[in-house]
Amino acid sequence: HVELGIDRLLQDSESYKHQRIGLTCNIASLTRNGLHSRIALKEAGFNVAKLFAPEHGFDGQGEDGAFMDHQHDAATGIRIVSLYSKQLAPTAADLADIDLMLIDLPDVGARFYTYLWTMTHVLESCAEQGLPVLLLDRPNPMAQDLALAEGPILDPLCRSFIGRYPMPVTHHCTFGELAKYFKSLYFPNLQLQVLSMTNWCRKLNTGYTFFPTSPAIQKRETVYTYAGACLLEGLNIHEGRGTADPFAQFGAPW
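Residues numbered from 1 in each chain as written. Predicted model: local features only at pLDDT ≥ 70, side-chain atom pairs only at ≥ 80, totals over all residues. Heavy atoms only, no water.

Participant: Tell me about the packing of aromatic side chains, and please be specific about residues and values.
Facilitator: Applying the stated criterion across every chain yields a total of 14 aromatic pairs. With 6.2 Å between their ring centres and 35° between their planes, Phe182 and Tyr186 make a pair best called tilted. Residue classification places Tyr186 among the partly exposed residues on the basis of a relative accessible area of 32%. Here the aromatic cluster, defined as three or more aromatic residues joined through ring pairs, consists of Trp117, Tyr165, Tyr181, Phe182, Tyr186 and Phe187. (Phe/Tyr/Trp six-rings, centres within 6.5 Å; stacked < 30°, edge-to-face > 60°. Buried < 20%, exposed > 50% of the residue type's maximum accessible area, 1.4 Å probe, protein only.)

Printed below as a string of structure tokens:
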């Protein structure tokens, strides 16, 4: 079985328990056994002081492209700062009362999946505020071989929240690998530690459960068509959102 970054942290947690922790996550941020990271951390004695949520909100149910409001977690009462609202990055005030930022976000391996860019905004804000980051790595469900990365490289003139930095459409990296890469290029002062997975083999990419990451990506199979079919969103045809097989079919709404 693959041990995720969160699983490894729970096994070796003593050095972090005295710190006030911010956790960037969503509903798919689960341990290998299916317990949500925030609950697992609290049960292990961590002081989870604040949550930060990407597109679709903490519960992963928000509509595509719809801004989400700040809220409080019903299960724990912890404040949730929405990073898909009027703000895309944590503010200095958001980070002032935490000592360590944990990032535990899922990915699907495509450049325009926004959790990737939420991660970079969190890294950037933490670098600016001198706040250390511990990234808990997870598999890229599309990954197989770095040589299979494909698609045009993003033109920097076209940067947006669905593509901040030059990279191909599919990258075959994990967020931990990309975080180190972005630190080396853009955030040299960032205090970054990556807690990597154990027993994860990129070429096999098995040994773990795929947890649905957002409303339209409920099955791992969808990941493989999303990277191509999502390009159709720039046209006036429909790519299957709201059906049983999003990104596996398309047609004219009229």
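Next comes the rest of the account.
Participant: Break down the environment of Ile39 for me, with residues and values.
Facilitator: Tracing the chain through its elements places Ile39 in helix α2 (residues 37-43). For Ile39, a relative accessible area of 22% gives the class partly exposed. The spatial distance from the C-alpha of Ile39 to the C-alpha of Leu123 is 23 Å, given a sequence separation of 84 residues. (Helix = DSSP H or I, 4+ residues; strand = E, 2+ residues; numbered from the N terminus.)

Participant: Can you lay out the side chain of Asn26 for me, pointing to particular residues and giving the numbers?
Facilitator: In this structure, Asn26 sits in the loop between β1 (20-24) and α2. At 3.2 Å, the side chain of Asn26 and the side chain of Tyr115 are in polar contact. A distance of 3.4 Å separates a polar atom in the side chain of Asn26 from the backbone oxygen of Thr213. With residues up to four places along the chain from it excluded, the contact list for Asn26 reads His36, Pro54, Gly57, Phe58, Leu105, Pro106, Tyr115 and Thr213. (Polar contact = N/O pair within 3.5 Å; in protein donor to acceptor, adjacent residues only side chain to side chain. Contact = heavy atoms within 4.5 Å.)

Participant: I'd like a rundown of the pattern of salt bridges, residues and numbers included.
Facilitator: Inspection of every chain in the model, using the stated rule, returns eleven salt bridges. Close ionic contact of Asp104 with Arg138 constitutes a salt bridge, the shortest N to O distance being 2.7 Å. You can see Asp104 sitting in the loop between β5 (100-103) and α4 (115-129) and its partner Arg138 sitting in the loop between β6 (133-136) and α5 (175-185), a full 34 residues away along the chain. Close ionic contact of Arg241 with Glu233 constitutes a salt bridge, the shortest N to O distance being 2.7 Å. Among the residues examined, Glu233 registers a relative accessible area of 33% and is labelled partly exposed. (Salt bridge = Lys/Arg side-chain N within 4 Å of Asp/Glu carboxyl O.)

Participant: Tell me about the pairing of strand β7 (residues 192-195), and name the residues and values.
Facilitator: Of the pairings in the sheet, the one linking β6 to β7 comprises four bridges and is parallel in character. Counted as the bridge partner of Leu136 is Leu195 from β7. Taken together, β6, α5 and β7 constitute a β-α-β crossover, and its handedness is right-handed. (Pairing = 2+ DSSP bridges. Right-handed = clockwise from strand over helix to strand, strands pointing away.)

Participant: How would you summarise the nonpolar core if you had to cite specific residues and measurements?
Facilitator: Formed by 45 residues in total, the largest nonpolar core has its most connected members in Met101, Ile103, Met119, Phe182 and Tyr226. Of all the elements in the fold, those that place two or more residues in this core are β5, α4, β6, α5 and α6 (220-229). Of the residues forming this core, the biggest block, seven residues, is contributed by α4. Every residue in contact with Met119, bar those within four places of it in the chain, is listed here: Ile103, Leu105, Leu135, Phe175, Leu178, Ala179 and Phe182. With 25 residues, the next largest nonpolar core counts Leu9, Ala53, Leu102 and Trp200 among its residues. (Core = buried A, V, L, I, M, F, W, Y, C linked by side-chain atoms within 4.5 Å.)

Participant: Account for α4, with residues named and values stated.
Facilitator: Counted at 1.5 Å a residue, the expected span for α4 with its 15 residues is 21 Å, and the 21 Å between its end C-alpha atoms agrees. Across the 15 residues of α4, eleven count as buried, placing the element largely inside the fold. Buried within α4 we find Tyr115, Leu116, Trp117, Thr118, Met119, Thr120, His121, Val122, Leu123, Ser125 and Cys126. Residues of α4 that are buried sit in contact with β1, α3 (92-95), β5, β6, α5 and β7. Of the residues one or two after α4, Gly130 is the one with positive phi, at around 70°. (Expected span 1.5 Å × (residues − 1).)

Participant: Hey, could you go over the pairing of strand β2 (residues 47-53) for me, with residue numbers and the actual values?
Facilitator: In terms of burial, β2 is a largely internal element, five of the seven residues being buried. Note that β1 and β2 share five bridges and pair parallel. Within β2, the residue paired with Ile21 across the bridge is Val48. Between β1 and its parallel partner β2, the chain crosses via α2, and the hand of that crossover is right-handed. The pairing of β2 with strand β4 (residues 79-82) spans three bridges and is classified as parallel. The partner of Ala53 across the bridge, within β4, is Ser82.

Participant: Account for the sheet that holds β5, naming residues and giving values.
Facilitator: With mixed pairing, seven strands are arranged side by side in an open sheet as β3-β4-β2-β1-β5-β6-β7. Here the strands that pair on one side only, and so sit at the sheet edges, are β3 (71-72) and β7. Here α4 sits on the sheet and contacts β1, β5, β6 and β7; the angle it forms with β5, its principal contact strand, is near 165°. Where α5 meets the sheet, its contacts fall on β6 and β7, and the angle it forms with β7 comes to roughly 160°. (Axes fitted to C-alpha atoms, helices over the stretch in contact; angles between N-to-C directions.)

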